[in-house]
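Coordinate inspection notes
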Amino acid sequence: MDTFTKIIWLVLMLGAGALAVSGIGMGLGGLILLTVPFGFVSGYILAIKFTGPWLGNSLSSGIYHPGKNVPPPPPEFPLIRAKIANEKYDEAVSDLEELLGRDPGNCHVIALLVDIFVDKTQDFQNAHELITAYLRKEDRPSQDVPIVMKLVDVYLDSGALEKAVGLLKSELGKKYQPKDLKALERRLEGIAGNT
């Protein structure tokens, strides 16, 4: 919504609100004829044109905020996910490796490959190699946090507690968003608390 349209909706909302308030002083007839209908109109405009979009954007950015330079998931993802659901892991891995060859460093492809290696096939060696190669880059979008956490899981499953702690401490020195740093700090505290 451009600025001019916002101004028009704001004027309409305030005008309807003023009529609604003026009906309060006119007794029962004013309440029925002015306050209720114009109060409804004013509240509707507020909810649909201002509060709703703002609240929706706030919630969605808290749930999924891809960052500026994060590519979208490849269009082949639904078919690959179907193969994973049908336990055709070799085919899914092959498809994902082909995608990775075309777009090295795509965090969505990396994350899905890591999920297969760690959660489905317990191929910790491939998961470790893939994640450590991916994390050689300096920039860290929010999508990297789950990938780092998977490597922590790999270390913990392999009994390499010191490596897990070292990785988390190292990642805390990278440029993450504050909420991502908090997640890493909580994981580090959780590991330290269980030792």
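Please read these numbers as outputs of a predicted model, since none were measured by experiment.

Some words on the pattern of salt bridges
- With the rule as written, the count across this model stands at 9 salt bridges.
- For R102, the salt bridge identified is with E76, shortest N-O distance 3.3 Å. Here E76 lies in the loop between α2 (27-63) and α3 (77-85) and R102 lies in helix α4 (residues 89-102), a separation of 26 residues in the sequence.
- By relative accessible area, which is 53% here, R102 ends up exposed.
- Exposure remark for E76: the relative accessible area of 29% places this residue in the partly exposed category.
- Close ionic contact of R140 with E171 constitutes a salt bridge, the shortest N to O distance being 2.8 Å. With R140 in the loop between α6 (124-134) and α7 (144-157) and E171 in helix α8 (residues 161-171), the pair connects residues that are 31 residues apart, well separated along the chain.

So, how was this worked out
Residues numbered from 1 in each chain as written. Predicted model: local features only at pLDDT ≥ 70, side-chain atom pairs only at ≥ 80, totals over all residues. Heavy atoms only, no water. Salt bridge = Lys/Arg side-chain N within 4 Å of Asp/Glu carboxyl O. Helix = DSSP H or I, 4+ residues; strand = E, 2+ residues; numbered from the N terminus. Buried < 20%, exposed > 50% of the residue type's maximum accessible area, 1.4 Å probe, protein only.

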